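Coordinate inspection notes
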Amino acid sequence: MKLITAVCLSGLVWLTGCASTGVTSAPDQGAIDGPAGSATATPGTSGADAPRPIIPSGALQPITAAQAASKAVAQLAPPADLWERIRRGYGMPNLESELVLDREQWYSSRPDYILRMTERSRKYLFHIVEELELRNMPTELALLPFIESAFNPQAVSSAKAAGMWQFMPATGKYFELKQNAFRDDRRDVLASTRAALDYLQKLHRMFGDWHLALAAYNWGEGSVGRAIAKNRRVGQGTAYSELKMPMETRFYVPKLQAVKNIVTTPGAFSSRLPDIGNHPYFQTVDIHRDIDVALAAKLAEVPLEDFKALNPSASRPVILAAGTPHILLPWDNAAVFQRNLEAYSGGRLASWTVWLAPATMKPADAAKRVGMSAAELRSVNNIPPRVVIKAGSSLLVPRSIRIEADVAVHVADNGQLSLAPDALLKRTVLKAGKKDSVASLAKRYRISPASIADWNQISPSAAFKAGQQIVLFLPASGKTGAKTVAKSKGKTSPQQARHKMTRATRLAKK
């Protein structure tokens, strides 16, 4: 028994010695934590020199409500629908004013209008919210097209602003939105949204306030800047509600706030929002050949009206692949389009091409040259009455069987339709002076060289011999249709030329 006791005591002493090996003193309270609070020694240092963790002392203290509110907590459950996703991303201060109440009453008294407008947004809203979140911008800005255009990408204002985001022509060009004879990117869903968010971010950086940025989007950054400067000079405030501005801009932010309030609690305003799922509505599909709009919709098995709603920048009956290399299709129809396109055996995809007017001419004359009726040429190219087509204009015309190539990039991207009033033109015959050429006469009479070349069946770079007869069509100075002959001198000014032709006309009458 004594032997067993002695062995146990010896073992206890041995274990105690092992447990005490390597024990260090307590860490200093001022020691600095390593990465992630690790107490492991850094490579190349001894354990004694390694950073030691800070161990808090004292009783735990509860945090205040303000401290708890300042900590962002991630939502674990995904938004139930797109409206909920928009609500979660609000980031602009609320505006409270009589004008907001006025607009709330206006919208809530028109529930059918609210429903139509929100139904129309179904095709575009998810994409806009995605882009806003990628840029860390307030999601209530996704509601701005409700104010601008009622989410109608074909909307055009009296001031010529166009598209869902209502870009003026000059502003659209500044933000690289193409506007030519075949497409207007101010109406394009992707391009106009990109440009609108670029512009809003620029304005927010400029003014540091979302309400002022929105006022500038509506009124112009220069106008808002001048209004702010004026208030500063007289010691007044520079907030949105304190600036003097036009009535449209005064109501602009209150309209957005009213729509935001309705989206937040539609039931409180006797309104109903359509169910819009939190998922993409459309896909982008690349195209590599020119294709008729009607055929593209047919291959995608999409109603033509819906196809045009997703591709509103295509204002002509054909999509030119060199200028518009992709189309938007409903999510499930993208694969249908690709499958049907690969199986298509109906011949060429495009029945239209582009013809460049060689000279200034009337629409009826242009129609004869390309084998169309004047009415069809006007309709396809949106040519109004009582105008002439200027030389170099790009016109959409039927594509003959002999034409295999699609429209070239420089034409698809830059083609313009230039029109001029259809003034009464009189056939005038001049005698060329020394050193006269197509170029010099074009400059003198403010006519395109191509027109002079076409009227005289010569090259635009040709020079005339002295005394050679030249045919020009100039605005009539009288009601006579008589042929006029006048001598052209190389340095005659346009005013002198007009005077001489008038005198020659009087002589012809005699």
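That block above? That's the structure.
The structure reproduced in this document is the subject of the present report. In this text the structure is predicted, and so the values were computed from the model without any measurement.

Mapped onto the secondary structure, Arg186 falls in the loop between helix H8 (169-174) and helix H9 (189-207). At a separation of 2.9 Å, a polar atom in the side chain of Arg186 contacts the side chain of Asp184. Residues contacting Arg186, with those up to four places away along its chain left out, are Lys160, Ala161, Ala162, Gly163, Met164, Phe167, Met168, Pro169, Leu177, Gln179 and Ser192.

Before going further, it helps to spend a moment on the pattern of salt bridges. Tallied over the full model, the rule gives 18 salt bridges. Across the salt bridge formed by Arg183 and Asp413, the nearest N and O atoms sit 3.1 Å from each other. You can see Arg183 sitting in the loop between H8 and H9 and its partner Asp413 sitting in helix H18 (residues 409-414), a full 230 residues away along the chain. Neither residue differs from the other here; Arg183 and Asp413 are each classed as buried. Residue Asp184 is joined to Arg186 by a salt bridge in which the shortest nitrogen-to-oxygen separation is 2.9 Å.

All right, on to the packing of helix H10 (residues 210-219) against helix H11 (residues 221-233) then. Contact geometry of H10 with H11 gives a least axis separation of 7 Å together with a crossing angle of 125 degrees. As summarised for this structure, H10 and H11 are arranged oblique, according to the angle between their axes. Facing Leu212, Ala215, Ala216 and Trp219 of H10, the residues of H11 in contact are Glu221, Ser223, Val224, Ala227 and Ile228. Looking at the contact of H10 with H11, its residues break down into seven nonpolar, one polar and one charged.

Our focus in this paragraph is the packing of aromatic side chains. For the structure on display, the rule yields ten aromatic pairs. Both rings, one in Trp106 and one in Tyr107, keep their centres 5.2 Å apart while their planes meet at 90 degrees; by these two values the pair is edge-to-face. A relative accessible area of 5% means that Tyr107 is categorised as buried. Seen from their ring centres, Trp106 and Tyr113 are 5.8 Å apart, and the 85 degrees between their planes marks the pair as edge-to-face.

What follows covers the nonpolar core. Of all hydrophobic cores here, the largest spans 65 residues; its most connected members are Trp83, Trp165, Phe167, Leu200, Leu214 and Tyr217. Here the element with the most residues in this core is H9; it accounts for nine residues. Contacts of Leu214, omitting those with residues within four sequence positions, involve Met92, Leu141, Leu144, Leu200, Tyr252, Val253 and Leu256. Grouped together as the second largest cluster of nonpolar side chains are 25 residues, Trp352, Ala367, Val380 and Leu396 included.

With that settled, consider helix H4 (residues 98-108). For H4, the set of buried residues is Val100, Arg103, Glu104, Tyr107 and Ser108. Taken around the axis of H4, the buried residues stretch over an arc of 125 degrees, which confines them to a single face. For H4, the exposed residues set more than 90 degrees away from the buried face come down to Glu98 and Gln105. Check the buried side of H4 and you find it contacts helix H5 (111-120), helix H7 (144-148) and helix H12 (247-264).

About the criteria used
Residues numbered from 1 in each chain as written. Predicted model: local features only at pLDDT ≥ 70, side-chain atom pairs only at ≥ 80, totals over all residues. Heavy atoms only, no water. Helix = DSSP H or I, 4+ residues; strand = E, 2+ residues; numbered from the N terminus. Polar contact = N/O pair within 3.5 Å; in protein donor to acceptor, adjacent residues only side chain to side chain. Contact = heavy atoms within 4.5 Å. Salt bridge = Lys/Arg side-chain N within 4 Å of Asp/Glu carboxyl O. Buried < 20%, exposed > 50% of the residue type's maximum accessible area, 1.4 Å probe, protein only. Axes fitted to C-alpha atoms, helices over the stretch in contact; angles between N-to-C directions. Parallel < 35°, antiparallel > 145°, perpendicular 65-115°, else oblique. Nonpolar A, V, L, I, M, F, W, Y, C, P; charged D, E, K, R; others polar. Phe/Tyr/Trp six-rings, centres within 6.5 Å; stacked < 30°, edge-to-face > 60°. Core = buried A, V, L, I, M, F, W, Y, C linked by side-chain atoms within 4.5 Å. Arc of directions from axis to C-beta.

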